[in-house]
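The chain contents come next:
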Amino acid sequence: MNNLIPLTEVFLKSSEYDSEEKTVMKYYSLRKIYINASQISLLREDEGLALLAHQGNLIDGIDKRARFSKVFLSMGNTGTTAFSVIGEPEQIFKKMRSK
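Just so it is clear, the model here is predicted, and its values are computed rather than measured.

Asks: How do you make sense of the environment of Ala-37 when you look at a structure like this?
Replies: Summarising the element assignment, Ala-37 is placed in the loop between β2 (23–36) and β3 (40–45). With a relative accessible area of 10%, Ala-37 lands in the buried category.

In structure tokens form, the structure reads like this:
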């Protein structure tokens, strides 16, 4: 269990279609997750979330300069699972190395 690293996930809480704007409105939220560092197979910057934050369209109160990473976990024969988390890839990598 000492391989677990705490991260803050950004997840899609809900979405709805805005007929006046003719677009889908997405609502995001945060939650604490613990990821097994030995299962991380890929880290990369999540530029999509960074753009939403910069535009002020992600989560109320979040810093527009916030950086985000996409963390991919190897799930064995079933493939990979991805999570979007707060923090740049270098920060996540440092947390992995400390475990």
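Asks: Explain helix α2 (residues 89–97) to me, please; I cannot follow it from the model alone.
Replies: In an α-helix, one full turn covers 3.6 residues, which means residues spaced three or four apart are oriented alike. Considered for burial, the residues of α2 that qualify are Pro-89, Ile-92 and Met-96. Along α2, the residues classed as buried sweep out an arc of 65° about the axis, all on the same side. Pointing more than 90 degrees away from the buried face of α2 are the exposed residues Lys-94 and Arg-97. Where α2 is buried, its residues contact β1 (4–18), β3, β4 (68–74) and β5 (80–86).

Asks: Just checking my understanding: could you explain the packing of aromatic side chains for this structure?
Replies: Aromatic ring pairs are described here by two measures, namely the spacing of the ring centres and the angle between the planes. One pass over the structure, following the stated rule, counts zero aromatic pairs. Here Arg-31 stacks its cationic end above the ring of Phe-11, 3.8 Å away from the centre of that ring.

Asks: Even after reading the chapter, I still don't get the pattern of salt bridges, so can you show me in this structure?
Replies: Once the charged atoms of two side chains with opposite charge are near each other, the side chains can pair. Using the criterion set out here, one finds five salt bridges in the structure. Of the charged contacts, one joins Arg-67 and Glu-45 as a salt bridge, the two residues approaching to 3.2 Å between their closest N and O atoms. Remark: Glu-45 occurs in strand β3 and Arg-67 occurs in the loop between α1 (47–55) and β4; sequence separation between them is 22 residues. Take Arg-67: its relative accessible area is 34%, and that puts it in the partly exposed class. Shared partners join several salt bridges into a network, and the residues in it are Glu-45, Arg-67 and Glu-88.

Criteria and thresholds
- Residues numbered from 1 in each chain as written.
- Predicted model: local features only at pLDDT ≥ 70, side-chain atom pairs only at ≥ 80, totals over all residues.
- Heavy atoms only, no water.
- Helix = DSSP H or I, 4+ residues; strand = E, 2+ residues; numbered from the N terminus.
- Buried < 20%, exposed > 50% of the residue type's maximum accessible area, 1.4 Å probe, protein only.
- Arc of directions from axis to C-beta.
- Contact = heavy atoms within 4.5 Å.
- Phe/Tyr/Trp six-rings, centres within 6.5 Å; stacked < 30°, edge-to-face > 60°.
- Lys NZ or Arg CZ within 6 Å of the ring centre and 35° of its normal.
- Salt bridge = Lys/Arg side-chain N within 4 Å of Asp/Glu carboxyl O.

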